[in-house]
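Here's the letter readout for the chains.
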Amino acid sequence: MSVWNPFATVAETKAALDRKQVSASELAEHYLARAEALNPTLNAYVTLDRDKTLAEARAADARRASGDTAALLGVPVAHKDIYLIDGWRTTCGSRMLENFVAPYTSTVVANMAAAGMVTLGKLNMDEFAMGSSNETSYFGTVKNPWDLTRVPGGSSGGSAAAVAAGLAPASTGTDTGGSIRQPAMFCNLTGLKPTYGICSRYGIIAFASSLDQAGPFARTAEDCALLLNAMAGFDPHDATSLDRPREDYTRNLARPLAGLRIGLPREFFGEGVAPDIARAVDAALDVYRKLGATTVEISLPNVKYSVPAYYVVAPAEASSNLSRFDGVRYGHRAERYDDLLDLYKKSRAEGFGAEVKRRILIGTYVLSHGYYDAYYLQAGKLRRLIAEDFKRAYEVCDLVMGPTAPESAFAFGAKSDDPVKMYLNDIFTICANLTGQPAMSHPCGVDDSGQHVGMHIIGNYLDEARMLNAAHQFQRATDWHTRHPSI
Amino acid sequence: MAQWEIVIGLETHVQLTTQSKIFSGSSTAFGAAPNTQAAIVDLALPGALPVMNRGAVERAVRFGLAIGATINQRSIMARKNYFYPDLPKGYQISQFETPIVQGGGLTITLDDGATKFIELTRAHLEEDAGKLVHDLFEGQSGVDLNRAGTPLLEIVTEPVMRSAHEAIAYARALHNLVRYLDICDGNMQEGSFRCDVNVSVRPLGQTEFGTRREIKNLNSFKFMQQAIDYEVRWQIEQIEDGKKIVQATVLFNPDTGETRAMRTKEDAMDYRYFPDPDLPPLVITDAELERIRAALPELPAAKCARFASQYGLPAYDATLLSQDGATAAFYEATVGGGADAKLAANWMLGDLAAALNREELSIEQSPVGAAQLAGVIQRISDGTISHKIGKSVFEALWNGEGENADAIIDTRGLRQISDVGALERIVDEVLARSAAQIADYKAGKEKALMSIVGQVMKASQGKANPAQVNEIIRRRLG
Amino acid sequence: MSLTTQDIERIAHLARIAVTPSDVTDVQAKLAGIFQLIDEMQAVDTRGVEPMSHGLDMVLRLREDAVTETNQRDKFQRNAPAAADGYYLVPKVIE
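None of the values given here were measured: they were computed from a predicted structure.

1. A look at the pairing of strand β4 (residues 171-175) of chain A
Residues and elements named next belong to chain A.
Part 1 of the argument: Most of β4 sits inside the fold, with five of its five residues counted as buried.
Part 2 of the argument: On β4, burial covers both faces: S171, G173 and D175 on one face and T172 and T174 on the other are all buried.
Part 3 of the argument: In the sheet, β4 pairs with strand β6 (residues 213-218) via five bridges, with the strands oriented antiparallel. Bridging across to β6, T172 finds its partner in P216.

Set out below in structure tokens:
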């Protein structure tokens, strides 16, 4: 290895490994060294374990030497600290799990390991994935590598910052309401939330079970396709995993976009979107038109109820999912307590941060006696109405596009005192979680302050290959995605 | 003083006989060392997800079909949220609004032979909780999650029982049925079949129900009787003392024979049920339903009718022999082994039942098998031995003193003497020393004849055929 | 919809989270805004709409009844705050 470019794509890294220009061990050492040097500034990683990573890398090199041709053999990847990996501390960004060592490995990580990927470390995140700015982590905020005074987005802020800063060629995230797509925009990356059920949730700490979905962060759509090939697959351990044949998500990348119909929802381009963001998106749509796509205005009249429906469903499911953190079998237990009730209340009060507690309380309230019909049931019905809006839209278009977020990366503290403001940052991303459709964000420009703008693509169920094709063709025609911070 | 009417409804938790748990691949075997059968899902480790056991679903459907209930072909698994150390997830996966089994019922037979139809409200699938031990650690309770996730069918009746007797008859009938269907092992000591009894009282003639108290976790029919009796007396005394019954959950203490209210959980009523987002709707297709229906065993009522018609048994015998699967199978094996159908019924309800009762054994544990019993009955029927000798052959088999009836008859020389010449010799010997009895007989005293027959039987060591002996004596004295 | 301090205390108890009086005030103020947002959806007429929780309207997949797990107690209990003789320990519970 001469000098490795830390901003190389997964495809380039794989090619270099295939040509024996670099070994898995050299790559691991390179990214570990960068992470050790830059993490004190960025705080993207919660846990690095040099010995484990280098052992994995050596094993990958040995596999290569013995003729193993696994797709991504030796390519390093870092994982959001919500994925359990046997023997690795897994904190979920919480004091509750500060000392929790996972006793088993999540299916997605196991699939990626089978494809040959080497774990670089565990990435910082909003506590229990609840946040849009990475300011709720017990392990401190993550800095946006483009501007250290701004948030990287959330909840997968560490995942976005690490790749953007060249501390990993790719990473995993999870997306419950935009937690992959919004930080991808804030850090100028490509991020994909697949169709619900494509990636197993087994071994990923649950936030909201009917919304959570795993997905990749990378520099390019092509990389996302390669990563999704490794991550996806039916898992008998997850009753919501889709039992269908494996798919090659790279298969349509090279297709021209002639004839592609892009739907532009009126609701995504109205008030609330910063004008400079709207301009960047419009310019990107011109690129799509030049590539042969046509655009058509559509309407998704119920999508405006996404945020309220989400803030019922997600906290309700979270309040129940987080009941297992009771200080009995694992996790934080208070030092002093009078009795069992006191043990529960103190351990949970100490172990959870303010935002997590707030959402548990909201969820507990909306499920409590007499409120179920007005809240959870009503939200479920709105999910149906929103899904029907999209179904109608797909009669006249193939993909739906718009800005990923209404405003770009904001300064630390700008919204942390006003949860509603923070929640509204997810206004465009949430609908895809409520319906279970695939959605992604790719770099498409900058706003007046030089912050990055993401193009949000929502596709019909299981239409990831078409979305990746569109984004890939866009990236062949533009260079927004090739920019990286000088760090 | 007012006349009181007792109102009882039962909720029974039936552990299903699956090998593995309802949502995980952990073993359900009883009695393992603590937490050795508690895996990722059972411990509710972060990231764990439930995957439902087909065996549990099929057993629930089998039950529903057997009681003539509606099977909801689309039912919902729901989360019942509350905190307790034996509930690792902080919620129990159960069914709330849409259970898998709805309606149906069971006919019970009371001691006086009367029958009553007990309507069921529903039966739903859920997971069992773990166990707490309170006596092993100073000031602390130990949590063992081996039982957590064991599949349960909770079977709920309408409040239609009006006495402890009815409640126990229902519980017994249900206990028989679930074993018949092979969905539960029925082991009450190990907690496989646990009853919660809702009891209230009201003045006779009043239409509204009184306030009920729920007696939790009764695991024997005897305790159920004692607990209901105590609870009813207590409630009537309270009301007659002018006090109000407060809805409560109570525990029965077998040592004192009393019921005692549990510490009230003020939030017990707010379980925040909602559909479990980890488990999409449970759908049972028509084809699956038909497959399960086709594999159903013959049910007690049908079996009873068949026993009456096929074997010519009186209704009483047919009912008793068809009540549980093991007894019915034993009966049919005995008849299949060559025994006369009515004699087989008599033996099973008579000598065999008495012996099993005496030694507190179940029919499955009987030292005398169906083939052996058939052998005894066959030898009585074909005249090889008398009924009386048959009883001693049965005793010998019971005590393990021989392989089968024929072996015991041969080694002990118990074959009945039917040879006329041999019998005549014995009769003549007895008559020679029975002048007084002969005189009495001739004077018209029938009883004297019986005494002579008795002496002949004694002289033959019981092996003479009594009917033949009778005939020879009459001929000699004729 | 506005939540009273009693509401907050009740749900905090249900959720087993200790709250101080100042927590209650803070939470009350923040939840008020959130519920204002949530209550926007109350106006929608959803009569006759079947609720949805998973895209593609999934149905439950069942697994065959087989024991697939082995005893890993020691490994699992390494994360336990208090365990002895194979049991997890909690303060004595009186029923």
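2. What about the packing of aromatic side chains?
Centre-to-centre distance and the angle between the planes together describe a pair of aromatic rings.
Part 1 of the argument: Following the criterion strictly, the structure yields 30 aromatic pairs over all chains and no others.
Part 2 of the argument: Residues F325 of chain A and F352 of chain A carry aromatic rings whose centres are separated by 6.4 Å and whose planes lie at 85° to one another, so their mutual orientation is edge-to-face. Of this pair, F325 of chain A sits in the loop between α9 (306-321) and α10 (340-351) while F352 of chain A is found in the loop between α10 and α11 (354-367), placing the two residues 27 residues apart along the sequence. Grouping residues by exposure puts F325 of chain A and F352 of chain A together as buried.
Part 3 of the argument: With centroids separated by 5.6 Å and ring planes inclined at 50°, the aromatic side chains of W347 of chain B and F394 of chain B adopt a geometry described as tilted. Placement of the pair is W347 of chain B in helix α8 (residues 341-358) and F394 of chain B in helix α10 (residues 387-398), with a sequence separation of 47 residues. A single burial state applies to W347 of chain B and to F394 of chain B, both of which are buried.
Part 4 of the argument: Every member of this aromatic cluster is reached through a ring pair, and the members are F100, F128, F325, Y330 and F352 of chain A.
Part 5 of the argument: In this structure, K52 of chain A is placed above the aromatic ring of W88 of chain A, and the distance from its NZ or CZ to the ring centre is 5.7 Å.
Part 6 of the argument: When the ring centre of Y271 of chain B is taken as origin, the NZ or CZ atom of K80 of chain B, which lies over that ring, is 4.5 Å away.

3. Observations concerning the interface of chain C and chain B
Much of the literature gives interface size as the accessible area that the parts lose upon coming together.
Part 1 of the argument: Facing the 34 residues of chain C at the interface are 55 residues of chain B.
Part 2 of the argument: Both faces considered, chain C and chain B share a buried interface measuring about 4,000 Å² in area, 59% of it formed by carbon and sulfur atoms.
Part 3 of the argument: Linking chain C with chain B are two salt bridges.
Part 4 of the argument: For the pair chain C and chain B, the interface holds 23 residue pairs in polar contact (both at pLDDT 80 or more).

4. Observations regarding the sheet that holds strand β10 (residues 131-137) of chain B
Part 1 of the argument: Strands sit in the order β10(B)-β11(B)-β3(C)-β2(C) across an open sheet of four strands; the sheet is antiparallel. Strands with a single pairing partner mark the edges of an open sheet, and in this sheet they are β10 of chain B together with β2 (83-84) of chain C.
Part 2 of the argument: Two strands pair when backbone bridges link them, and β2 of chain C and strand β3 (residues 87-91) of chain C are joined in this way by two bridges, in the antiparallel orientation. Its bridge partner lying in β3 of chain C, A84 of chain C is registered against Y87 of chain C.

5. A word on the sheet that holds strand β17 (residues 274-275) of chain B
Part 1 of the argument: Pairing is antiparallel in the open sheet, where three strands are placed in the order β6-β5-β17 (chain B). Strand pairing shows two members of the sheet lacking a second neighbour, β6 (91-94) and β17 of chain B, which therefore form its edges.
Part 2 of the argument: Looking at chain direction, strand β5 (residues 78-81) of chain B and β17 of chain B are connected through two bridges and run antiparallel. Of the residues in β17 of chain B, the one forming a bridge with A78 of chain B is P275 of chain B.
Part 3 of the argument: α9 of chain A rests against β5, β6 and β17 of chain B of the sheet, and its axis sits at about 60° to β5 of chain B.

6. Notes on the pattern of salt bridges
Part 1 of the argument: By the definition in use, this model includes 61 salt bridges over all chains.
Part 2 of the argument: For R392 of chain A, the salt bridge goes to D389 of chain A, with nearest N and O atoms at 2.8 Å. Linking R392 of chain A with D389 of chain A, this pair stays in helix α12 (residues 373-393), spanning three residues, or about one helical turn.
Part 3 of the argument: The closest approach of N and O atoms between R475 of chain B and E471 of chain B, which form a salt bridge, is 3.9 Å. Taken as a pair, R475 of chain B and E471 of chain B lie in helix α15 (residues 466-477) at a separation of four residues, close to a single helical turn.
Part 4 of the argument: A residue is classified by how much of its surface remains accessible, and E471 of chain B, at 49% relative accessible area, is partly exposed.
Part 5 of the argument: Among the ionic contacts, a cluster of salt bridges with common partners joins R201 and D238 of chain A together with R79, D276 and D278 of chain B.

7. Quick notes on the interface of chain A and chain C
Part 1 of the argument: Taken together, the contacts link 70 residues of chain A with 48 residues of chain C.
Part 2 of the argument: Among the residues of chain A in contact with chain C, L361, Y365 and R384 of chain A are the three that bury the most area, contributing 14% of the side total.
Part 3 of the argument: Here D86 of chain A ties to K75 of chain C by a salt bridge, and the two come within 2.8 Å at their closest N and O atoms.
Part 4 of the argument: In this assembly, chain A and chain C are joined by 20 residue pairs in polar contact (both at pLDDT 80 or more).

8. Remarks on unusual backbone geometry
Part 1 of the argument: With an omega of 5°, the peptide bond running from G154 of chain A to S155 of chain A counts as cis.
Part 2 of the argument: Along the chain, the position of S155 of chain A falls in the loop between β3 (118-123) and α5 (157-164).
Part 3 of the argument: A positive phi is found at D182 of chain B, a non-glycine position, where the angle reads about 60°.
Part 4 of the argument: As for its position among the elements, D182 of chain B is in the loop between α2 (164-180) and β13 (193-203).
Part 5 of the argument: The backbone of R272 of chain B shows a phi angle near 50°, a positive value even though the residue is not glycine.

9. A short note on the domain arrangement of chain B
Part 1 of the argument: Domain parsing of chain B yields domain 1 (4-289), domain 2 (298-411) and domain 3 (420-477).
Part 2 of the argument: Between the C-alpha centres of domain 1 of chain B and domain 3 of chain B there is a distance of 66 Å.

10. Focus on the packing of helix α7 (residues 325-336) of chain B against α8 of chain B
All names here are of chain B.
Part 1 of the argument: At a closest axis distance of 9 Å, the pairing of α7 and α8 adopts a crossing angle of 135°. Taken together, the axis directions place α7 and α8 in an arrangement best described as oblique. When the axes of α7 and α8 are compared, the crossing they make is right-handed. Together, T327, F330, Y331, T334 and V335 of α7 and A341, A344, A345, M348 and L352 of α8 make up the contact between the two elements.
Part 2 of the argument: Across the contact of α7 with α8, the residue classes tally to eight nonpolar, two polar and no charged.

11. As for the nonpolar core
Part 1 of the argument: Counting residues in each nonpolar core, the largest one holds 261 residues, and the members touching the most others are F128 and Y288 of chain A together with F63 and L125 of chain B.
Part 2 of the argument: Non-local contacts of F63 of chain B, meaning those with residues more than four positions away in its chain, are made with L120, A123, L153, I155, L174, L177, V178, L181 and I183 of chain B.
Part 3 of the argument: F307, L352, I363 and A374 of chain B belong to the second-largest nonpolar core, a separate cluster that totals 39 residues.

Cut-off values and rules
- Residues numbered from 1 in each chain as written.
- Chains lettered and ligands numbered in written order.
- Predicted model: local features only at pLDDT ≥ 70, side-chain atom pairs only at ≥ 80, totals over all residues.
- Heavy atoms only, no water.
- Buried < 20%, exposed > 50% of the residue type's maximum accessible area, 1.4 Å probe, protein only.
- Helix = DSSP H or I, 4+ residues; strand = E, 2+ residues; numbered from the N terminus.
- Pairing = 2+ DSSP bridges.
- Phe/Tyr/Trp six-rings, centres within 6.5 Å; stacked < 30°, edge-to-face > 60°.
- Lys NZ or Arg CZ within 6 Å of the ring centre and 35° of its normal.
- Contact = heavy atoms within 4.5 Å.
- Buried area = accessible area lost by both parts, 1.4 Å probe.
- Salt bridge = Lys/Arg side-chain N within 4 Å of Asp/Glu carboxyl O.
- Polar contact = N/O pair within 3.5 Å; in protein donor to acceptor, adjacent residues only side chain to side chain.
- Axes fitted to C-alpha atoms, helices over the stretch in contact; angles between N-to-C directions.
- Domains from an automatic or database assignment.
- Parallel < 35°, antiparallel > 145°, perpendicular 65-115°, else oblique.
- Left-handed = near helix turned anticlockwise from the far one by under 90°.
- Nonpolar A, V, L, I, M, F, W, Y, C, P; charged D, E, K, R; others polar.
- Core = buried A, V, L, I, M, F, W, Y, C linked by side-chain atoms within 4.5 Å.

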